[in-house]
Amino acid sequence: MAIINRKKIARWKHKLQLGASDLVNRGLDQHINLAVTGLSQSGKTAFITSLVNQLVNEGHGKPLNFFNAVHEGRFIAAKRVPQPNLQISRFDYDAAMARLGEQEPVWPEPTRSISQIRLAIRYTPQDSLLKYASQMSTLYLDITDYPGEWLLDLSMLEQNYQQWSEYMAQLLSSEPRHTHARDFLQTLEELDPLSAMDENRLAELSQQYTELLLTFRNDLGLSVVQPGRFILPGELEGAPVLQFVPYPFFDRLTAQDYNAADERSFIGMCRARYEEYQSAIVRKFYKQHFVNFDRQIILADCLTPLTNGPEAFNDLQQAIALIMESFSYGNSNLLTRLFAPKIDRILFAATKADHVTSDQHQNLTTLLEQVIIKAKKQLSFDAIKMKTLSIASIQCTEQGKSDYQGKQLPVLKGKRLDNHKIITLYPGSVPAKLPQPSFFKQNNFDYIQFKPMHAADEHQALANIRMDQVLQFLLGDKLK
Ligand SMILES: Nc1nc2c(ncn2[C@@H]2O[C@H](COP(=O)(O)OP(=O)(O)OP(=O)(O)O)[C@@H](O)[C@H]2O)c(=O)[nH]1
Ligand SMILES: [Mg+2]
């Protein structure tokens, strides 16, 4: 009798454990939807590839010392599992790893569309409620990759056509954009906004505007480039919804005339297309992919602007502030989460830190803090944890010392992306504050693009800088 009872009790206990674990998994924070945010070429795809790589290959590379679940021996394993949305492409981790594994490794291509990946992370709970529910628990992590060009468009949802035009007018009329925008502005100045507009003529104007946007981004290294789909149209290439321009001379129009303008007029046609762009493209993208985030990492490349000048920094600052307006921040206790999930942790990461010697990492972190200071002030950050780090998702250089005039100087060694030659260099110092124009006159920051190091095999963790701290900050508290 006693034996039966013990067996029964053990079975009940087991059932209870399973049930409780199931309940806990469904009810508590065992799922993270991570927003990987960053302008084009800031390093999103490289970051996602490395994050997946570090988790699935844990134990096969540089130890993740600052990731507590690993450090405490509670991390069991991570694997890719089917993503929730079956209509979106899978993030092509295998292709990214295959490219890094080639004899001459190559970086991921710039992203052209949206993809997703879901990871299941198995761990032994430490001292949370879960400990009593089961010996093993799972944290699901969802990540979406997308072209950085589309991200800035989110702020257009807050502006009507007139407000957006006025913002663009302000940008186009100040340097360094103005020099390039003169002809375009003059053409629009000569145009009667209420006159009938030919669709082909508007297509030409929007082409001229698109070329300007490309110059701003590619030649001047500026970040605020709107609308993003103009430079990365995808399947919308040539569609009328991408054929409109901002009108920079609203002061010449009365509110009455503007409101009465019909869709055949220049201003009416631009307004209608802008509104269509907002609702059919931007709002759709936002609704499908930019709600329900719990955690966010904002990746920023602060080193490229060091080569491009003070305006590029100013623009990066504006772009980050604009982007952050599109997310909802706040407290994520269970009750509020059920109705409106909010981001409760933000990590600001200065990417590509392997481009500078390690003695400059602290300055790079401080510099990013200066870049985001305005954006942080604009938002209310009740109960939000924030951290700033300098990272390299995929480290391409080795740190070393070189003898120079009797002194040991820190140097980097890496393979140049352009000519595949191995070089040893001191790229220069990073200012801890937003650089003044004088910095650019005196200093020559040597920004050289490097080839990624050869990934010997896909089961080996990629060399990186501080990815363990990234994991700890973004996931650590959920793996207790
Ligand atoms: N040295 C170094 N370079 C990096 C690192 N991460 C990214 N890069 C460089 O930055 C480029 C852009 O990285 P991506 O990950 O493709 O950037 P992205 O944000 O996905 O860009 P889009 O897809 O265009 O929005 C790469 O091709 C590399 O040249 C890094 O950790 N170290
Ligand atoms: Mg990408």
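Refer to the preceding data block for the structure.
Residues numbered from 1 in each chain as written. Chains lettered and ligands numbered in written order. Predicted model: local features only at pLDDT ≥ 70, side-chain atom pairs only at ≥ 80, totals over all residues. Heavy atoms only, no water.

1. Quick word on the coordination of the magnesium ion (ligand 2)
Distances from the magnesium ion (ligand 2) to its protein donors, namely T45 (OG1) and T111 (OG1), fall within the range 2.0 Å. One end of the pair, T45, is in helix α2 (residues 44-56); the other, T111, is in the loop between α4 (93-101) and β4 (115-123), with 66 residues separating them in the sequence. Given a relative accessible area of 14%, T45 falls into the buried group. We classify T111 as buried; its relative accessible area is 17%. (Donors = N, O, S within 2.8 Å, 3.2 Å for Na, K, Ca; no water. Helix = DSSP H or I, 4+ residues; strand = E, 2+ residues; numbered from the N terminus. Buried < 20%, exposed > 50% of the residue type's maximum accessible area, 1.4 Å probe, protein only.)

2. Points about the sheet that holds strand β9 (residues 398-404)
Here we have three strands laid out as an open sheet, ordered β9-β10-β11, and antiparallel in their pairing. Each edge of the sheet is formed by a strand with only one pairing partner; in this case those strands are β9 and β11 (422-425). The mean inter-strand angle of the sheet, taken between neighbouring strand axes irrespective of direction, is 35°. (Pairing = 2+ DSSP bridges. Axes fitted to C-alpha atoms, helices over the stretch in contact; angles between N-to-C directions.)

3. Some points on the packing of helix α7 (residues 177-189) against helix α8 (residues 199-219)
Where α7 meets α8, the closest approach of the two axes is 10 Å, and the angle between their N-to-C directions is 170°. Between α7 and α8, the interaxial angle falls into the category roughly antiparallel. Here R177, H180, A181, D183, F184, T187 and L188 of α7 come into contact with α8, specifically with R201, L205, Q208, Y209, L212, T215 and F216. Of the residues belonging to the contact of α7 with α8, the class tally is seven nonpolar, four polar and three charged. (Parallel < 35°, antiparallel > 145°, perpendicular 65-115°, else oblique. Contact = heavy atoms within 4.5 Å. Nonpolar A, V, L, I, M, F, W, Y, C, P; charged D, E, K, R; others polar.)

4. Here we look at empty space enclosed by the protein
Gaps left between atoms show up when a probe the size of a water molecule is rolled over them. All chains considered together, the criterion is met by two cavities of 30 Å³ or more. If you add up the space inside the largest cavity, you get close to 40 Å³. Around the largest cavity, the lining residues are M168, L171, L172, R177, Y209, L213, F216, V224, V225 and Q226. By residue class, the composition of the lining of the largest cavity is eight nonpolar, one polar and one charged. A volume near 30 Å³ is recorded for the second largest cavity. (1 Å grid on protein atoms, 1.4 Å probe; cavity = no way out; pocket = protein on both sides within 12 Å on 5 of 7 lines; lining within 4 Å. Points joined across faces, edges and corners; volume = space filled by probe spheres on them.)

5. Focus on the pairing of strand β10 (residues 407-415)
Where β9 lies against β10, seven bridges are found, and the strand directions are antiparallel. When the sheet's bridge partners are listed, K401 is paired in β10 with P410. Here β10 pairs with β11 via four bridges, running antiparallel. Its bridge partner lying in β11, L412 is registered against L425. Between the antiparallel neighbours β10 and β11 lie six residues, among them H420 with a positive phi of about 60°.

6. Description of the nonpolar core
Counting 90 residues, the largest nonpolar core has Y161, V245, F266 and I267 as the members making the most contacts within it. Top element by residues in this core is helix α11 (residues 266-289). It accounts for nine residues. Domain assignment of the residues forming this core places at least three in each of domain 1 (30-151 + 291-397 + 454-479) and domain 2 (159-287). Non-local contacts of F266, meaning those with residues more than four positions away in its chain, are made with L188, L191, D192, P193, S195, M197, L202, L205, V245 and Y247. (Core = buried A, V, L, I, M, F, W, Y, C linked by side-chain atoms within 4.5 Å. Domains from an automatic or database assignment.)

7. Overview of the packing of aromatic side chains
As enumerated under the stated definition, the model contains 24 aromatic pairs in all. Taken together, a centroid distance of 5.9 Å and an interplanar angle of 90° make the contact between F244 and Y274 edge-to-face. Here F244 is found in the loop between α9 (228-231) and α10 (255-260), whereas its partner Y274 is found in helix α11, with 30 residues between them in sequence. The exposure classification of F244 matches that of Y274, with both residues buried. For the cation-ring pair, K44 lies above Y146, with the distance from its terminal atom to the ring centre recorded as 5.8 Å. When the ring centre of W150 is taken as reference, the NZ or CZ atom of R229 above it lies at 3.6 Å. (Phe/Tyr/Trp six-rings, centres within 6.5 Å; stacked < 30°, edge-to-face > 60°. Lys NZ or Arg CZ within 6 Å of the ring centre and 35° of its normal.)

8. Examining the layout of surface pockets
By volume, the largest pocket amounts to about 1,300 Å³. S40, Q41, S42, D301 and K352 are, among the 49 residues lining the largest pocket, the residues nearest its centre. Of all elements in the fold, only α2, α8, α9 and α12 (303-308) reach the threshold of two or more residues within the lining of the largest pocket. For the lining of the largest pocket, a count of residues per class yields 23 nonpolar, 17 polar and nine charged. Estimated volume of the second largest pocket: approximately 450 Å³. Counting residues per element, the lining of the second largest pocket draws most heavily on α11, which supplies six residues. For the lining of the second largest pocket, a count of residues per class yields eight nonpolar, seven polar and four charged.

9. Description of the site of ligand 1
Not every one of the 21 residues close to ligand 1 is listed here, only the nearest: K44, T45, A46, T111 and G148. Between ligand 1 and Q41 there is a distance of 2.9 Å, counted from an oxygen atom to a backbone nitrogen or oxygen. Alone, ligand 1 offers 650 Å² of accessible surface; in the complex the protein occludes 97% of this. For the shell around ligand 1, the residue count by class is eight nonpolar, ten polar and three charged. (Near = heavy atom within 4 Å. Polar contact = N/O pair within 3.5 Å; in protein donor to acceptor, adjacent residues only side chain to side chain. Areas by Shrake-Rupley, 256 points an atom, 1.4 Å probe, with all protein chains shown as cover.)

10. Let's talk about helix α6 (residues 161-172)
Taking 1.5 Å per residue as the helical rise, α6 with its twelve residues ought to reach 16 Å, and the 16 Å between its terminal C-alpha atoms agrees with that figure. Taken as a whole, α6 has its buried residues at Y161, W164, S165, Y167, M168, A169, L171 and L172. Elements in contact with the buried residues of α6: α7, α8, α10, α11 and α13 (310-324). Regarding α6, its N-cap is N160, as a side-chain oxygen of that residue lies 3.2 Å from the backbone nitrogen of Q162 further along. (Expected span 1.5 Å × (residues − 1).)

11. Re the side chain of S165
Relative to the assigned elements, S165 resides in helix α6. Among the polar contacts made by the side chain of S165, one reaches the main-chain amide nitrogen of Y247 at a distance of 3.1 Å. If near-sequence neighbours (up to four positions away) are discounted, S165 is found in contact with P246, Y247 and F250.

12. Comments concerning unusual backbone geometry
Note that the residue after E175, namely P176, is joined by a cis bond; omega there is 10°. Residues Q226 and P227 are joined by a peptide bond in cis, for which omega reads -5°. Mapped onto the elements, P227 comes out in the loop between α8 and α9. The residue Q41 is not glycine, and still its phi comes out positive at about 70°. Relative to the assigned elements, Q41 resides in the loop between β1 (31-38) and α2. Residue class for Q41 comes out exposed when judged on its relative accessible area of 53%. Positioned with a positive phi, Q405 is a non-glycine residue whose angle comes to about 50°.

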